[in-house]
Structure formats: C-alpha cells, structure tokens
There are 2 protein chains.
Amino acid sequence: MPNGLDAAEMRLLDPLVARRIRMRKGDILFRAGEKFTALYAIRSGSCKTVLPGEDGHCQVAGYHMAGDVLGTDGIAADSHDCEAVALEDMEVCAIPFDRIETLARQNAHFQHSLTRLLSKDIARERHSMLMLGTMQADQRLATFLLDLAQRYHERGYSSVEFVLRMTREEIGSHLGLKLETVSRLFSRFHEEGLIQVHGRVVKVLDRIALRKVVGHERVESPGPGGAIK
Amino acid sequence: MPNGLDAAEMRLLDPLVARRIRMRKGDILFRAGEKFTALYAIRSGSCKTVLPGEDGHCQVAGYHMAGDVLGTDGIAADSHDCEAVALEDMEVCAIPFDRIETLARQNAHFQHSLTRLLSKDIARERHSMLMLGTMQADQRLATFLLDLAQRYHERGYSSVEFVLRMTREEIGSHLGLKLETVSRLFSRFHEEGLIQVHGRVVKVLDRIALRKVVGHERVESPGPGGAIK
DNA sequence: CGCGCCGTTGATATTATTCAAGACCAGTGG
DNA sequence: CCACTGGTCTTGAATAATATCAACGGCGCG
C-alpha cells in the first residue's frame, strides 16, 4: 500500500473494517458537515474531495485513488468538512475511528503509523498551498501531471500513459484555474511536444521538460528568506 | 489554551517538556530538512513557518502565536519540511515526540486530543488552499485580517486593533500576492473606511463590511458540483 | 546624519478570466 | 441508422486582475 500503512498494519486493520462499500460513479461517500465516525480506505477506483466555500463556491481539494485513506479532516471537529465523490466505480472500506484509536493504544507501531498518516496529509496540503500560492498556471498543471504519473507508478500502473478521471473544470478547480485555461495549457503542452492528449487520455512524452516547466520560474525573487539577522 | 489542548492536558504535558527555549526576533526554531524530534508549543510571541520550494522559491505557510503547536508536518518524513522563524521575541516549549506518543498510549483522552490537533492542522491547511485557489486578492486579505482578529480575540487580546508582525512581503507571500498588491489593498480598505492602517498597526473599523468583501464573490459559477446523477 | 529596509504609489506589462462560438462525443429515441 | 441532445472540450477576442518596473517618502538604527 503506497499510502502510510505497511502490509503488517493492513493485516491488523483488516478485522476492524466494519463494512465494504461499493460505489458507482457520482455516488457520495460522505458529505460536508456529516458526523465523523470512520476513516475510509480506497480499495479500487478513485474519487475527489470537494471543499464547499461559505458562499456556495467549491474547490476540488484532492484526488484520491486505491490505497489512499480518506476522512482525516473530520477528526478535529468530529464532522467532515469536505465531500467525497466517486469519479468512477469504486470499492471502499469503512473503518470506525474508535476502533482505530483503541488499536493505536495497544500497538505503538500502529500508533506511529496513524500519526504519520495524518502528518502526511498535512504535508500534502502544504504542497498544494505552495503550488496555489507561488506557481503560474503552466507550472501548476505540470506539477499535477507529474504527481499523477508518480502516483500511478507507485500503484504499478504506467506513469507514462493514463486516463484522467476528472473533467477540465474539476482539474481547474483543483489547481485554482478556469477550465478554459486548463484546456489551453493541455493544447500548449501538446504543441510543445511535452505530452499527447486525446480527451482524457494523456501520454507523457517528455517528463524532463515537464519538470523544467515546474522548476523554471522567473529567475529572480528569492522569496521571503529565513532569518533576519 | 485556544489550540487543541485543554487545561488538564496541558498539566499532563507539563512534565514532558524537555526544555524551554528563548528566542529573539529572527531566530530559527527548526529548519527544513532537520530531523524531527519534538513538537513545539508557543508560550509567548509569534513566528512564521516558511516552506521552501524546490527551486529556491519560498512561501510563508503560516503565522503562529501563543498556544499554537508547531512541527506537526515533520512526523511523516521524520524531518521538518518547513522552517520556523521568530517574528518577535518568543518563548517556546520543546516536547519530545516519543514522550507524547507514550502518553497518548496511556491516556485515551490525551490520545484523542493529539489526533484532533493534527486533524485541525489539516483543516487549517485546507482552508488556506480554498483561499488561495478560489479567492481574489481583496478577499484573501480580508480573510487574513478577520482570521488574525479572531485569533487575537481567542487569546484575550483586542480583535479590533492589533499589530502586524509581518512585513507586507511576508503577508503577500502567505496570501499568494506581491507586496505591492498587499500595500494597495491596505490603502484601498483604508479609503473605503473598512480599516485604519498606520504601518503595521491595524484597526478594524467595519468588521461586517470586511466579511462582505470575503463573501461577495462574483455571483455566478456554482463550482464543481457534487453528485452527477 | 545617513544608510538600509520598508512601505506607498503610479505607469505599464503580463497573465489569466470572461464571454462567445463552435466542435466533438456518447447516449437516446425516433 | 440517423438526427438530436446535453455535456465536455477547444479556440478566439476582449477584458479584468495582478505583477512588474520604477521612483520616492519615511522610519528606525548605528
């Protein structure tokens, strides 16, 4: 399992699973505001998490696939602050959180894995923040594609050719861009020979160049440095 | 304590504190890449966390004050992924993480508080993401000011008048804006009678109007909706 | 005093959004 | 089978938002 838990921990976790949930494309695993009771491990398929703004505006907070664990945002307020929606048919395990906590108290190694899982989410969100805060549109899309490729690779799928499960609008929302901008960038990357795009099928032709797009910021601007003295 | 831990838990935590650290403005509590060993509770003062991009670009990831707990990002990789820099003289408690985990195994209530603390960080980062991804410059600054006011209020300080401890550049970095844009917005809010600004001293004159700035997005655009069917 | 950051403001450039039109594609019903 | 339909995607032109460049004022500190 690529995300957080190792094989031994998965075995420990197995008896805790309360139920397996089968979902069809578009089904909702949990809604924002719903009471938090369990974490959800994705067995197959993929989904998005959508964060509702106070005024009706929404943003796609993340894209999740097999092996990922969902619902960690709900622990603090005891209610979920985002909504999880299946992007394709999906199978999910619900693991009641009280059982997880009990197990964590009994098994130090598992406990550490749990905190690591949460911490990983923090780091991931941070990374998204950095992307949204400092990168331009093309850098964001390149980052997104490389991240996807990486995650498919970790799961044993091709990191070169894959199918996007999100619409241009959803990708845009995730990256803080409008769907037209995303579309234009796909076209540009295609023209420049970085990728090949047919609708939602993407083939990475030049991974190195994609990385260069990410890194090749306007050279100046050292950013707000560290120490003052 | 406004952030995560209640009085009883603080008492529990007290004997775990390995050392108290006094810091002067500009001092660094921990650096990115440094080995993770402890969480840090701020007793007084404030600091920023700075996230270094791969290419030398940096972003201010957060602003932290008395009662906040720092360092949660480091658990996953066992090394910090950001740098904490004092914005003024500061007093901090270092609490070795292995002791925290031990205590969590012994005390279910404390354990839950710990996971809640981590989850809270996740939610906070999410909120920042939403801000950076969907809001315009003026909405971001208004959000920032209201958040500050709220946090000062929680700590027993005035939520109306307070001193910014960050430069315009640091604020801009945190909000994904350039310092000039931040400066202009301060001026605009001032002109519009929302706030009063003298350098870093800010007085909130019309909290309601500030909220309206945050909420008053361009009316259309329902955002990427939930279920498909 | 004078130097170095910090902050403000204006003019200009750039980037991304908005508005608009049409193409593509899959599913549906005649 | 084909026309129709709704959703998605692409592309262009105009516009708005923000960044960039540049100049200057102010404040604190040595």
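Treat the numbers as computed from the prediction; the structure is a model and nothing was measured.

For chain A, the helix and strand inventory stands at eight helices and 11 strands. Rg of the C-alpha trace for chain A: 19 Å, near the compact-globule value of 17 Å for 229 residues, within the 12% margin. Here the C-alpha coordinates of chain A stretch approximately 55 × 55 × 40 Å along the principal axes. For chain A, the proportion of its 229 residues judged to be buried stands at 41%.

Time to look at unusual backbone geometry. Residue and element names in this part refer to chain A. Even without glycine at this site, aspartate 78 takes up a positive phi of about 65°. Take aspartate 78: it is sitting in the loop between helix 2 (74-77) and strand 7 (83-86). Residue classification places aspartate 78 among the exposed residues on the basis of 12 C-beta atoms within 10 Å.

Turning to the protein's contact with DNA strand D, a few remarks are in order. The immediate surroundings of DNA strand D are formed by 19 residues, with Thr167, Ser183 and Ser187 of chain A together with Gln136 and Thr181 of chain B found nearest. Per-element tally for the surface near DNA strand D: the top contributor is helix 7 (residues 179-191) of chain A, with six residues. By residue class, the composition of the surface near DNA strand D is five nonpolar, six polar and eight charged.

Here the focus is the protein's contact with DNA strand C. The environment of DNA strand C is made up of 19 residues, and the closest members are Gln136, Ala137 and Thr181 of chain A together with Thr167 and Ser187 of chain B. Secondary structure elements with two or more residues in the surface near DNA strand C: helix 7 of chain A together with helix 5 (168-175) and helix 6 (179-191) of chain B. Top contributing element to the surface near DNA strand C by residue count: helix 6 of chain B, with six residues. Its residues placed into classes, the surface near DNA strand C shows five nonpolar, six polar and eight charged.

A separate point is the interface of chain A and chain B. Of the residues lining the interface, 56 residues belong to chain A; the matching set on chain B comes to 56 residues. Breaking the side of chain A that touches chain B down by element, the ones donating at least two residues are strand 4 (46-52), strand 5 (58-65), helix 2, strand 7, helix 3 (97-106), helix 4 (108-134) and helix 6 (168-175) of chain A. No other element matches helix 4 of chain A, which puts 19 residues into the side of chain A that touches chain B. A per-class count over the side of chain A that touches chain B returns 21 nonpolar, 18 polar and 17 charged.

Helix 2 (residues 97-106) of chain B packs onto helix 4 of chain A with a crossing angle of 115° between their chain directions and a minimal axis gap of 11 Å. Relative to helix 2 of chain B, the element helix 4 of chain A is oriented roughly perpendicular. Taken as a pair, helix 4 of chain A and helix 2 of chain B cross one another with a handedness that is right-handed. On the side of helix 4 of chain A, the interface is formed by Ala108, Gln111 and His112 of chain A, while helix 2 of chain B contributes Glu101, Ala104 and Arg105 of chain B. Looking at the contact of helix 4 of chain A with helix 2 of chain B residue by residue, the classes come out as two nonpolar, two polar and two charged.

As a further point, take the sheet that holds strand 5 of chain A. Within the open sheet, the four strands sit side by side as 2-7-4-5 (chain A). Their pairing is antiparallel. Single-partner strands in this sheet number two, and they are strand 2 (28-30) and strand 5 of chain A. With strand direction ignored, the average angle separating the axes of adjacent strands in the sheet is 30°. Where strand 4 of chain A lies against strand 7 of chain A, four bridges are found, and the strand directions are antiparallel. Within the sheet, the bridge partner assigned to threonine 49 of chain A lies in strand 7 of chain A and is alanine 84 of chain A. Contacts from helix 3 (residues 108-134) of chain B reach strand 4 and strand 5 of chain A within the one sheet, and its direction differs from that of strand 5 of chain A by about 120°.

This part covers the domain arrangement of chain A. Residues and elements named next belong to chain A. What the domain assignment reports for chain A is domain 1 (7-120) and domain 2 (135-226). Taking the mean C-alpha position of each, domain 1 and domain 2 sit 26 Å from one another. Tallying the contact residues gives 11 residues for domain 1 and seven residues for domain 2. Counting only elements with at least two residues in the side of domain 1 that touches domain 2, the list comes to strand 4 and strand 5. Considering each element in turn, the side of domain 1 that touches domain 2 owes the most residues, five residues, to strand 5.

In globular proteins that are soluble, nonpolar side chains generally tend to be buried together. Formed by 121 residues in total, the largest nonpolar core has its most connected members in Leu145 of chain A together with Tyr40 and Leu145 of chain B. Here this core takes nine residues from helix 3 of chain B, the largest share from any one element. Setting aside residues no more than four positions away along its own chain, leucine 145 of chain B makes contact with Ile195, Val202, Val204 and Leu210 of chain B.

Rules used throughout
- Residues numbered from 1 in each chain as written.
- Chains lettered and ligands numbered in written order.
- Predicted model: local features only at pLDDT ≥ 70, side-chain atom pairs only at ≥ 80, totals over all residues.
- Helix = DSSP H or I, 4+ residues; strand = E, 2+ residues; numbered from the N terminus.
- Rg over C-alpha atoms; globule rule 2.2 N^0.38 Å.
- Buried ≥ 20, exposed ≤ 12 C-beta atoms within 10 Å, placed from the backbone.
- Near = placed C-beta within 6 Å.
- Nonpolar A, V, L, I, M, F, W, Y, C, P; charged D, E, K, R; others polar.
- Contact = placed C-beta atoms within 7 Å.
- Axes fitted to C-alpha atoms, helices over the stretch in contact; angles between N-to-C directions.
- Parallel < 35°, antiparallel > 145°, perpendicular 65-115°, else oblique.
- Left-handed = near helix turned anticlockwise from the far one by under 90°.
- Pairing = 2+ DSSP bridges.
- Domains from an automatic or database assignment.
- Core = buried A, V, L, I, M, F, W, Y, C linked by C-beta atoms within 7 Å.

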